[in-house]
Each structure stands twice: as structure tokens, then as C-alpha cells.
Amino acid sequence: MNGKSMQSRKKKEKRINLIVLIVVIIISVAVLLPIWWIFRSSLMSNSTLYAYPPSFIPHEWLWVNYKTALKSFLYWKYFKNTFTIIIPSVTAGTLTAILCGYAFARLRFRGKKLIFNLCVGTILLPGMVTLIPLYIFWTKGLNLGGTYWPLILPYFTGGGFFNIFLIRQFMMTIPKELDEAAAIDGASRMRTLWTILVPAIKPAIVVVAMMLFIQIWNDLLQQMIYINDMERTTFAIGLTNFTGSFGTKWNLAMAATCMTIAPGIIIYIFGQKSFVEGIVMTGMKN
């Protein structure tokens, strides 16, 4: 009886695993299809794009579309301008998120719970609510309009409380006995943080850095508000202007789109293991 029940249970598990696999494949295809369609469109002639029925695979792979797009799409200038914002913002946002997360996870100070709850409430605050006050502050108050500083300086506060919260949750999973042992050995709080806690929460740090990267990379609204000089144009603005100027030439627009998303895909490929691990392990106790 036990043998039959075990066999039926294994068959049931196999059926469930097969169903889950099929669902995952369907979802993966649905997610990857738009990316493939963009790439496929970038390698076709503009007239072929309007052909019906549409072909799933290009009959002729026109790599020259990328060379043609680069004549008008100033890729390397946009690349330099974009990473001029991303590098200091991601670095400062990650470092300050670590420091703030450590303070909420390990330190004791008056009003800690109140401050933490107020900061959690800011996650629910829509960005549009603070858009105009921040614009007035940066342009009229500090006279930084037309520069990159309004896009960089806000990330010196953790880049949003969700990042701080994520770091805090990971640090809460690390036993405090490690801190106490390090203190007995004469280690300061900062040395304990950087030599013991930071290596232990590497997946969370990678998640925070990648989320900041994605946030800045896709932040078209903020960049359009504060950047009004063509020499400072970023990928987001440059692609929008290029698509608007060459809207009828969709093959060139798709080629520019592929070149724009390529750096993000490459960075994700290198950090995907830690990224997935960090998302899965968030809030888990050892």
C-alpha cells in the first residue's frame, strides 16, 4: 500500500513539475518575444516591416541598419553622458544604503522606530507629488538647472528607502554575536561593517546597485526636466528624439533601441546570479 501511494505521489509530482515547466516556458516566450521582435525588426528593410503576413525571421539580415542609425544616433556621446550620471549615482546610492541599513539594523538611538516607520511611508508617496517642489528647489533654490547634479545628488541618501530597507533586512539575518565577537577583538563598528557584514550581504548589495542602475537608465521624465542641452543628452532622451525624428523608418529606430538596451542586458548577465539570490533570500532567517 505504501509502495503504491509513493508511486502515485511521484507521478503526481511529475505532472505538477511538467505543468509548471510548461507555464514557465510560456511566460518566458511572452517576455522574450518583444525583445526578439525589436531585434528582428532592426535587421529588416523598412518596406518589409509593413509586409503582411509579417515574417518571424528576417529573410535578409541587414546589419547595415546599425551603421546607418549611428550616423544620426550619437551612441557614444549618449553613452558617456548616461554613465556620467549612473556611475556616481549608483556608487553613492549603494554606499549610503549600506550605511543607513546598518544604522537601522544594528544601532540603537532615540526615535529609531518612528524614523523607520516614517521612511517606510515614503515608499507609498508617488513621485509626482514631489516633482514640482524638487524642481523649484534644484532650479530656483540652488540654481542647478541644466546640470546633472539634480539627477545625482538625490542618490546620496540611499537612492530611495526601499534600498535601505532591503539592506536592513539582510543585515537582520546575520547573528549579532558576530558583531560582539569582533568588538571583543578590538574592531570598530566601521571595520565590523566592511569586513564582516558587507561580504555577508553581497547579494543584497548587487540587487540594490542593479535596481539603481535600472531606475536611472529608464528615468526619462527626470532627465527631460533637468537636461535642456543637446550636449548633455542621455540615452533615454536621445532615443526619444531619434524615434520622433525617424518615426517612419522603424528599422533604424529598432536598431537604435537594440543598441540602447545592450549595456543593460550585459550588466544584468554578469550580475544575474547575485541578483536572483538577493531577491530570493530577502528577509530569510539563517
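See the structure above.
Rules of the game
- Residues numbered from 1 in each chain as written.
- Predicted model: local features only at pLDDT ≥ 70, side-chain atom pairs only at ≥ 80, totals over all residues.
- Heavy atoms only, no water.
- Core = buried A, V, L, I, M, F, W, Y, C linked by side-chain atoms within 4.5 Å.
- Buried < 20%, exposed > 50% of the residue type's maximum accessible area, 1.4 Å probe, protein only.
- Helix = DSSP H or I, 4+ residues; strand = E, 2+ residues; numbered from the N terminus.
- Expected span 1.5 Å × (residues − 1).
- Bend = angle between axes of the 7 residues up to and from the residue.
- Salt bridge = Lys/Arg side-chain N within 4 Å of Asp/Glu carboxyl O.

### Observations regarding the nonpolar core
Consideration 1: One finds Phe73, Ile167, Met171 and Ile201 to be the most contacted residues of the largest nonpolar core, which totals 52 residues.
Consideration 2: Contributions of two or more residues to this core are made by helix H3 (64-72), helix H4 (75-106), helix H7 (149-152), helix H8 (161-172), helix H10 (189-200), helix H11 (202-217), helix H13 (235-245) and helix H14 (250-281).
Consideration 3: With eleven residues, the single largest contributor to this core is H4.

### Details of H4
Consideration 1: For H4, which comprises 32 residues, the first-to-last C-alpha distance of 45 Å matches the rise-based estimate of 46 Å (1.5 Å per residue) to within 8%.
Consideration 2: A bend of about 25 degrees at Phe83 is the largest found in H4.

### Brief notes about the pattern of salt bridges
Consideration 1: Across all of its chains, the model carries two salt bridges by this definition.
Consideration 2: When the shortest N-O distance is used, the salt bridge between Lys77 and Glu231 registers 3.2 Å. Of this pair, Lys77 sits in helix H4 while Glu231 is found in the loop between helix H12 (220-226) and H13, placing the two residues 154 residues apart along the sequence.
Consideration 3: Close ionic contact of Arg106 with Asp179 constitutes a salt bridge, the shortest N to O distance being 2.9 Å. One end of the pair, Arg106, is in helix H4; the other, Asp179, is in helix H9 (residues 177-184), with 73 residues separating them in the sequence. Each member of the pair, Arg106 as well as Asp179, carries the same accessibility label: buried.

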